[in-house]
Amino acid sequence: MITILTYIALTCGVILVTLLVLSIISGLELDFDVDLDFGDADADIDGGGGLGVIKGVLAFFSLGSWVVKLFLISQVDPVLAFVGGAAAGAVGVWVLSMILRFLLSQQENVNWATEDALMEEGTVYLKIPAEGEGLVHIPVRGRKRELKARSADNKEIPTGTPVIVEDLGPDGSIVVTPTE
């Protein structure tokens, strides 16, 4: 019995550590969706848990097996050993979920869109002709971005002029007006 518990604990532990490392380094997650049709009724099942459920089960069995093994080696009643193993597995799953929740909370969305530049102040980098496009440097999400810009009032805006983004152009450019 103790040998079987050792194999279960080691196997689950190795698979768990491998999945955790792959999740942290490469962002590996598995999600699945199932669509079912029952005549007039439809059902959608979203398995959003993916690897999270598998990691929880592996943590439960790995920690639980180690605790049961230690209790059995200590000559504790087998029922108490399995209850202690189940409790240790549950605590292990909870701790693992807290660690993963903390790691996920440390993510930052670095994607940005032209809309994020609205009402931001920047500087003309390449003069904006009266009827054409120039370039401006605008801070968007903490980074200076170089965006194509048009003048809002169809007047030339020279290089180095401070501007504010008033609107979005039809072709992905921005519409600016001088702040001076």
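Definitions and limits used
- Residues numbered from 1 in each chain as written.
- Predicted model: local features only at pLDDT ≥ 70, side-chain atom pairs only at ≥ 80, totals over all residues.
- Heavy atoms only, no water.
- Helix = DSSP H or I, 4+ residues; strand = E, 2+ residues; numbered from the N terminus.
- Buried < 20%, exposed > 50% of the residue type's maximum accessible area, 1.4 Å probe, protein only.
- Contact = heavy atoms within 4.5 Å.
- Areas by Shrake-Rupley, 256 points an atom, 1.4 Å probe, with all protein chains shown as cover.
- Salt bridge = Lys/Arg side-chain N within 4 Å of Asp/Glu carboxyl O.
- Pairing = 2+ DSSP bridges.
- Polar contact = N/O pair within 3.5 Å; in protein donor to acceptor, adjacent residues only side chain to side chain.
- Core = buried A, V, L, I, M, F, W, Y, C linked by side-chain atoms within 4.5 Å.
- pLDDT = per-residue confidence, 0-100.
- Axes fitted to C-alpha atoms, helices over the stretch in contact; angles between N-to-C directions.
- Patch = residues over 30% accessible without salt bridge, like charges linked within 9 Å, V, L, I, M, F, W, Y side chains within 5 Å.

A.B. asks: Hey, could you run me through the overall build of the protein chain in this one?
C.D. replies: Per the secondary structure count, the protein chain includes 3 helices and 7 strands. Ordering the α and β elements of the protein chain from the N terminus gives α-β-β-α-α-β-β-β-β-β. Out of the 180 residues belonging to the protein chain, those deemed buried represent 29%. Contacts in the protein chain between residues far apart in sequence, at least 24 positions, make up 51% of those at least 6 positions apart. For the protein chain, the computed accessible surface area is about 11700 Å², with 62% contributed by carbon and sulfur atoms.

A.B. asks: Explain the pattern of salt bridges here, please?
C.D. replies: For the coordinates displayed, the defined rule picks out 4 salt bridges. We note a salt bridge from Arg150 to Asp171, for which the minimum N-O separation is 3.4 Å. You can see Arg150 sitting in strand S5 (residues 143-151) and its partner Asp171 sitting in the loop between strand S6 (162-168) and strand S7 (174-178), a full 21 residues away along the chain. For Arg150, a relative accessible area of 29% translates into the label partly exposed.

A.B. asks: For this particular structure, what's the right way to read the pairing of S5?
C.D. replies: Here is the key point about a regular strand: its side chains alternate between the two faces of the sheet. Relative to S5, strand S4 (residues 134-140) runs antiparallel, the two being bridged by 7 bridges. Following the sheet pairing, Pro139 is matched in S5 by Lys144. Count of turn residues in the S4/S5 antiparallel hairpin: 2 residues, of which Arg141 carries a positive phi of about 55°. As paired strands, S5 and S7 are joined by 3 bridges and run parallel to one another. For Arg150, the partnering residue across the bridge sits in S7 and is Val175.

A.B. asks: Is there a simple way to think about the side chain of Thr161 in this case?
C.D. replies: With respect to the element layout, Thr161 can be found in the loop between S5 and S6. A polar side-chain atom of Thr161 sits 2.8 Å from the main-chain carbonyl oxygen of Pro158. In this view, Thr161 contacts Gly122, Thr123, Val124 and Pro178; residues no more than four positions away in its chain are not counted.

A.B. asks: Would you take a moment to explain the nonpolar core for this structure?
C.D. replies: Soluble globular proteins: nonpolar side chains tend toward being buried together. Ile128, Val136, Ile138, Ile174 and Val176 are the most contacted members of the largest nonpolar core, which has 13 residues in total. Those elements that provide at least two residues to this core are S4, S5, S6 and S7. With 3 residues, the top contributor of residues to this core is S4. The residues contacting Val136, other than those within four sequence positions of it, are Thr123, Val124, Tyr125, Ile128, Arg145, Glu146, Leu147, Ala149, Val163 and Ile174.

A.B. asks: Would you explain the confidence of the model for the protein chain in this entry?
C.D. replies: Detailed reading of the predicted model is not advised wherever pLDDT is low. Per-residue confidence for the protein chain gives a mean pLDDT of 85; residues scoring 70 or more make up 86%. Mean pLDDT per element in the protein chain: strand S2 (residues 41-47) is the minimum at 55, and strand S3 (residues 121-126) is the maximum at 95.

A.B. asks: So what exactly am I meant to see when it comes to the sheet that holds S7 here?
C.D. replies: Note: strands within a sheet are paired through backbone hydrogen bonds, in either parallel or antiparallel orientation. Within the closed barrel, the 5 strands sit side by side as S3-S4-S5-S7-S6. Their pairing is mixed. On average, each strand axis in the sheet is inclined to that of its neighbour by 55°, with strand direction left out of account. One ladder, built from 3 bridges, connects S3 with S4; its direction is antiparallel. Note that in S4 the partner of Thr123 across the bridge is His137.

A.B. asks: Would you mind going over a nonpolar patch on the surface with me for this structure?
C.D. replies: A grouping of Val17, Val21, Ile24, Ile25, Val91, Trp94, Val95, Met98, Ile99, Phe102 and Leu103 is seen on the molecular surface, where their side chains present a nonpolar patch of about 1100 Å² in accessible area. Contributions of two or more residues to the nonpolar patch are made by helix H1 (2-26) and helix H3 (78-105). The element best represented in the nonpolar patch is H3, accounting for 7 residues. Residue position: Val21 is located in helix H1. Overall, Val21 belongs to the partly exposed group, its relative accessible area being 41%.

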